[in-house]
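Summary of structural features
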Amino acid sequence: MTSSAQTNNSSVVSSTENNNSSMISSGENNNSLMASPDQDDHTVIARNRRSNNSTSTSTSTSDKEAIRINKVEELRSNGLEPYAYKWDRTHTASQLQEIYKNLGNGEESNSESDYVSISGRIVARRAFGKLAFLTLRDDSGMIQPYCEKERLVGDQFEQLKTLVDIGDILGANGSIKRTEKGELSVCANSFSILTKSLLPLPDKYHGLTDIDKRYRQRYVDMILNPEVADTFRKRAKIGSSWWCRS
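Residues numbered from 1 in each chain as written. Predicted model: local features only at pLDDT ≥ 70, side-chain atom pairs only at ≥ 80, totals over all residues. Heavy atoms only, no water.

Per an unreviewed UniProt entry, the protein goes by lysine--tRNA ligase and derives from Anisodus acutangulus. Reading the Sequence similarities (unreviewed entry) entry of the UniProt record for the protein gives the comment "Belongs to the class-II aminoacyl-tRNA synthetase family." As stated in UniProt under Catalytic activity (unreviewed entry), the record for the protein gives "tRNA(Lys) + L-lysine + ATP = L-lysyl-tRNA(Lys) + AMP + diphosphate". (UniProt positions renumbered as here; feature names shortened; annotations may be inferred.)

1. Notes on the pattern of salt bridges
Tallying each qualifying case throughout the model produces 12 salt bridges. Ionic pairing is found between E98 and K101, a salt bridge with its closest N-O pair at 3.0 Å. Among the salt bridges present, the one from K149 reaches E158, with a minimum N-O distance of 3.9 Å. For K149, a relative accessible area of 38% gives the class partly exposed. Relative accessible area serves as the criterion here: at 33%, E158 is assigned to the partly exposed category. Taken together, the shared-partner salt bridges in this structure form one network comprising R68, K71, D165, D168 and K196. (Salt bridge = Lys/Arg side-chain N within 4 Å of Asp/Glu carboxyl O. Buried < 20%, exposed > 50% of the residue type's maximum accessible area, 1.4 Å probe, protein only.)

2. As for the packing of aromatic side chains
A full pass over the atoms with the stated rule returns two aromatic pairs. Here the aromatic rings of F128 and F133 are separated by 6.2 Å at their centres, their planes lie at 65 degrees, and the arrangement is edge-to-face. We classify F133 as buried; its relative accessible area is 14%. Their ring planes at 75 degrees and their centres at 5.3 Å tell us that F133 and Y146 sit as a pair that is edge-to-face. With F133 in strand β3 (residues 131-137) and Y146 in strand β4 (residues 142-148), this residue pair connects regions lying 13 residues apart in the sequence. Taken individually, F133 and Y146 each receive the classification buried, so the pair is uniform in this respect. Site record: aromatic cluster; members linked through ring pairs are F128, F133 and Y146. The ring of F232 carries R235 above its face, with NZ or CZ at 5.9 Å from the centroid. (Phe/Tyr/Trp six-rings, centres within 6.5 Å; stacked < 30°, edge-to-face > 60°. Helix = DSSP H or I, 4+ residues; strand = E, 2+ residues; numbered from the N terminus. Lys NZ or Arg CZ within 6 Å of the ring centre and 35° of its normal.)

3. Remarks on the side chain of S175
You can see S175 is positioned in strand β5 (residues 169-178). The buried category is assigned to S175, whose relative accessible area is 6%. Among the polar contacts listed, one links the side chain of S175 to the side chain of E108, at a separation of 2.9 Å. Each residue touching S175, except ones within four places of it in the same chain, is listed here: E108, S109, N110, D114, Y115, R151, S185, V186 and C187. (Polar contact = N/O pair within 3.5 Å; in protein donor to acceptor, adjacent residues only side chain to side chain. Contact = heavy atoms within 4.5 Å.)

This is the structure we're talking about:
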């Protein structure tokens with residue numbers, strides 16, 4: 001009898017332990033199931049944030065493009081062609097830097113022979129009241145058009161402030177001057193928009209850092225990183241010289 005009772009008791013204890021462990025396991029599973037919706041919610045929220053960011057970026061870009069398209073239409077309504085067919089350039093930026101390297105600070109060389117014509121892409125601009133400074137980059141370097149309201153013909157100074165953007169390709173005519181701070185400049189008497197850019201350039205401080213995007217958009221990469229364009233030019237010259245020798 002004692003042995004039978006002990007056996008029954010151990011069976012009851014074992015059964016109770018199994019039931020308890022099953023309940024604990026079931027509870028843990030239920031807790032994990034209850035936690036999973038929260039995890040899914042976090043995942044959905046993260047995806048929505050990424051989607052919203054990309055959507056807002058796309059919207060911002062399209063808005064900026066629409067603004068610049070309106071500027072193109074305004075230029076044409078004023079009888080100005082924003083995509084010029086021809087521009088006669090007399091000097092590159094590096095040629096002017098070499099020719100006038102001895103021009104002193106604050107001096108201006110305004111003889112007829114010093115009247116030059118330049119062109120390049122606007123990579124920076126600053127305006128102060130009736131004075132504006134642009135930085136043009138061509139395939140040789142950079143030069144600064146010095147734009148005074150009194151010098152520019154007609155209402156060009158207002159056009160410069162309202163219709164000209166960074167990224168546009170601009171042509172300018174004028175005499176040579178070195179500013180008090182030592183910057184060689186072209187004192188513009190007139191300018192012409194040669195190519196109106198419809199999209200803004202990437203931020204000048206961060207630039208184009210995505211490697212894949214740099215390969216897909218080489219034209220932007222070469223605008224922001226002149227050394228990349230120089231590498232392509234050197235490769236072209238090497239290939240051309242090799243071809244001539246062969």
